[in-house]
Amino acid sequence: MLGDISKAEHIYIACGYTDMRTSIDGLAAIVQQNFKLDPFSNSLFLFCGRSSTKMKVLYWEGDGFVLLYKRLENGKFVWPRNKDEVMKITDQQFRWLLEGLKIEQPRTIKKSDKRCAI
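What you see is a predicted model; the values in this text were computed from it and never measured.

**Some details on the overall build of the protein**
Here is step 1 of the chain: On a plain count of helices and strands, the protein comes out with two helices and five strands.
Here is step 2 of the chain: Going through the 118 residues of the protein one by one, you find that 36% of them count as buried.
Here is step 3 of the chain: Within the protein, counting contacts between residues at least 6 apart in sequence, those at least 24 apart form 58% of the total.
Here is step 4 of the chain: If you sum the accessible surface of the protein, you get close to 8,100 Å²; carbon and sulfur atoms cover 50% of it.

**Observations regarding the nonpolar core**
Here is step 1 of the chain: L44, L46, M55, W79 and I89 are the most contacted members of the largest nonpolar core, which has 18 residues in total.
Here is step 2 of the chain: Listing elements by their share of this core, those giving two or more residues are β1 (10-14), β2 (43-48), β3 (54-60), β5 (86-89) and α2 (91-98).
Here is step 3 of the chain: Those residues in contact with L44 that sit more than four places away from it in its chain are I5, A8, H10, I11, Y12, V57, L58, Y59 and F94.
Here is step 4 of the chain: Grouped together as the second largest cluster of nonpolar side chains are eleven residues, A14, L27, I30 and F35 included.

**Remarks on the pattern of salt bridges**
Here is step 1 of the chain: On inspection of all chains with the given rule, the structure shows two salt bridges.
Here is step 2 of the chain: For the salt bridge of R21 with D19, the shortest nitrogen-to-oxygen distance reads 2.8 Å.
Here is step 3 of the chain: When its relative accessible area of 37% is taken as the criterion, D19 is described as partly exposed.
Here is step 4 of the chain: The partner of E73 in a salt bridge is R71, and the shortest N-O contact between them spans 2.7 Å. The exposure classification of E73 matches that of R71, with both residues exposed.

**Quick notes on the pairing of β5**
Here is step 1 of the chain: Covered by surrounding structure in β5 are M87 and I89 only, the residues V86 and K88 on the alternate face being uncovered.
Here is step 2 of the chain: Note: β1 against β5, four bridges, orientation antiparallel. Counterpart to A14 in the pairing with β5 is V86.

**Topic: the side chain of S52**
Here is step 1 of the chain: For S52, the position within the fold is in the loop between β2 and β3.
Here is step 2 of the chain: Each residue touching S52, except ones within four places of it in the same chain, is listed here: L72, K76, F77 and R81.

**Quick notes on the side chain of T22**
Here is step 1 of the chain: Examined against the element boundaries, T22 turns out to sit in the loop between β1 and α1 (24-34).
Here is step 2 of the chain: Given the relative accessible area of 16%, T22 is considered buried.
Here is step 3 of the chain: A polar contact of 2.7 Å, which involves the side chain of T22, links it to the backbone oxygen of D19.
Here is step 4 of the chain: In contact with T22, not counting residues within four places along its chain, are L27, I30 and K56.

**With respect to the environment of E73**
Here is step 1 of the chain: Tracing the backbone shows E73 in the loop between β4 (65-71) and β5.
Here is step 2 of the chain: For E73 and T53, which are 20 residues apart along the polypeptide, the C-alpha to C-alpha distance reads 7.7 Å.
Here is step 3 of the chain: In terms of polar contacts, E73 uses its side chain to reach the side chain of R71, at 2.7 Å.

Cut-offs and rules
Residues numbered from 1 in each chain as written. Predicted model: local features only at pLDDT ≥ 70, side-chain atom pairs only at ≥ 80, totals over all residues. Heavy atoms only, no water. Helix = DSSP H or I, 4+ residues; strand = E, 2+ residues; numbered from the N terminus. Buried < 20%, exposed > 50% of the residue type's maximum accessible area, 1.4 Å probe, protein only. Contact = heavy atoms within 4.5 Å. Areas by Shrake-Rupley, 256 points an atom, 1.4 Å probe, with all protein chains shown as cover. Core = buried A, V, L, I, M, F, W, Y, C linked by side-chain atoms within 4.5 Å. Salt bridge = Lys/Arg side-chain N within 4 Å of Asp/Glu carboxyl O. Pairing = 2+ DSSP bridges. Polar contact = N/O pair within 3.5 Å; in protein donor to acceptor, adjacent residues only side chain to side chain.

Take it as geometry only, folks, not as evidence of what the structure does.
Structural data, given as structure tokens:
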């Protein structure tokens, strides 16, 4: 199905600014050359412009790239701007981002890796 991003295994966010005029090929090149990741993997790659009102999502669907574009009419995305690199985020962090929240919430309950019951 066209643009079914729910099947993506990983989500990567490009911290910093991305020129929103960049096309599919340009975004794929950023993923491959700057971040040393495979743009053909089953992953979402998120990009945001300087104004923080526009987001592009690049996703390889197996037979071609899908480019999703979202422009907010009210508000801005709370985008991490402290680095010029890529960061892996969770599905929950992606939802927070789309809801206008920071991807690092100070009061969430962190999941435990412990697999032992007492």
